[in-house]
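Working through the structure, step by step
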Amino acid sequence: MPRYLQLSALFRRMIESGQWQTDSQIPTVEELAAEYGVARATVRQALGRLDNEGLIARYRAKGTFVTYRPQEQLWCEVETDWSGLLRSRPGATIELLSEESGLQPPVFLNATGERARSYRRFKRRHSRDGKPFLVAYTYLDEALYKRVKREDLETKTALSLLSGIRGVKLEDVRQTLTIGAADVVTAKELGVPLNAPVAYVHRSAVDGSGKLVMVSDGTYRGDIVRLDIKLK
């Protein structure tokens, strides 16, 4: 990742976390260049991205000031309990982007369950207040997909869709979360800068007969994701 993109991501996080307060002046280009060991031109590139995003304003002979702090940060919880996984997020809308039949989900480390003959893959984008926060590919056993109500594709989470199919009893449901950076396609779909932090969430479900009935791979915006786990 180019250094200016690394710096812009770091500076953006400092604004979001409140380390750089709204209306406050941030360090000069020279100070930032010395602190992070980069050329002044690199710092200017990084600040230029924040300026284009409306997070800062630069004034000649006065300095650079924080003009905006994104609101409601870290509101999107990646659920860790069954009831939470079935619950839709308040105010969220779901857009069906595409669907294809006769496919197989990609091989995933520590995969469980015997694969179905074929799966229906559908791609959906979840948004809140008009802003996308999740893009997910879901592979659902083709035989089960035929029993899904069309309107449910735009209102229910993947696991909620699956659990709502009569006669389906799930035996093993797993979830894995990893952190990464947005590629060109993901950045465009989620409306985030290239290489912005994202969270990849992989979910799989096996029924009572040992069949892998669903696989879902979702990419969340990293600036709104929160993972809460009660330890005791």
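Use the structure listed above.
This one's a predicted model, so the numbers in the text were calculated from it and none came from an experiment. (Residues numbered from 1 in each chain as written. Predicted model: local features only at pLDDT ≥ 70, side-chain atom pairs only at ≥ 80, totals over all residues. Heavy atoms only, no water.)

1. Here's the deal with the packing of helix H1 (residues 3-17) against helix H3 (residues 40-52)
At a closest axis distance of 8 Å, the pairing of H1 and H3 adopts a crossing angle of 50°. As summarised for this structure, H1 and H3 are arranged oblique, according to the angle between their axes. Note on packing geometry: the crossing formed by H1 with H3 is right-handed. Taking contact as the criterion, the partners of Arg-3, Tyr-4, Leu-5, Leu-7, Ser-8, Phe-11, Arg-12 and Ile-15 in H1 are, on H3, Thr-42, Val-43, Gln-45, Ala-46, Leu-47, Arg-49 and Leu-50. Residue classes in the contact of H1 with H3 are distributed as 9 nonpolar, 3 polar and 3 charged. (Axes fitted to C-alpha atoms, helices over the stretch in contact; angles between N-to-C directions. Helix = DSSP H or I, 4+ residues; strand = E, 2+ residues; numbered from the N terminus. Parallel < 35°, antiparallel > 145°, perpendicular 65-115°, else oblique. Left-handed = near helix turned anticlockwise from the far one by under 90°. Contact = heavy atoms within 4.5 Å. Nonpolar A, V, L, I, M, F, W, Y, C, P; charged D, E, K, R; others polar.)

2. Quick word on the nonpolar core
Counting residues in each nonpolar core, the largest one holds 17 residues, and the members touching the most others are Phe-11, Ile-15, Trp-20, Val-43, Leu-47 and Leu-50. Put simply, the parts of the chain that give this core at least two residues each are H1, helix H2 (29-36) and H3. Beyond its immediate chain neighbours, meaning those up to four positions away, Leu-50 contacts Ser-8, Phe-11, Arg-12, Ile-15, Leu-55 and Ile-56. Residues Val-148, Ile-165, Val-168 and Val-213 belong to the second largest nonpolar core, which totals 15 residues. (Core = buried A, V, L, I, M, F, W, Y, C linked by side-chain atoms within 4.5 Å. Buried < 20%, exposed > 50% of the residue type's maximum accessible area, 1.4 Å probe, protein only.)

3. Observations concerning the pattern of salt bridges
What the rule picks out here adds up to 12 salt bridges. When the shortest N-O distance is used, the salt bridge between Glu-53 and Arg-12 registers 2.8 Å. Placement of the pair is Glu-53 in the loop between H3 and strand S1 (56-59) and Arg-12 in helix H1, with a sequence separation of 41 residues. Of the charged contacts, one joins Arg-120 and Glu-142 as a salt bridge, the two residues approaching to 2.9 Å between their closest N and O atoms. Here Arg-120, found in strand S6 (residues 119-128), pairs with Glu-142, found in helix H5 (residues 142-145); they are 22 residues apart in sequence, far enough to count as distant. Residue Glu-142 is classed as buried on the basis of its relative accessible area of 11%. Residues joined by salt bridges that share partners form a network here, namely Glu-99, Arg-120, Glu-142 and Arg-150. (Salt bridge = Lys/Arg side-chain N within 4 Å of Asp/Glu carboxyl O.)

4. Considering H1
Over its 15 residues, H1 runs 21 Å from end to end, which matches the ideal 21 Å to within 8%, given 1.5 Å per residue. Taken as a whole, H1 has its buried residues at Leu-5, Leu-7, Ser-8, Phe-11, Arg-12, Met-14, Ile-15 and Glu-16. Phi turns positive one or two residues past the end of H1, at Gly-18, with a value near 90°. (Expected span 1.5 Å × (residues − 1).)

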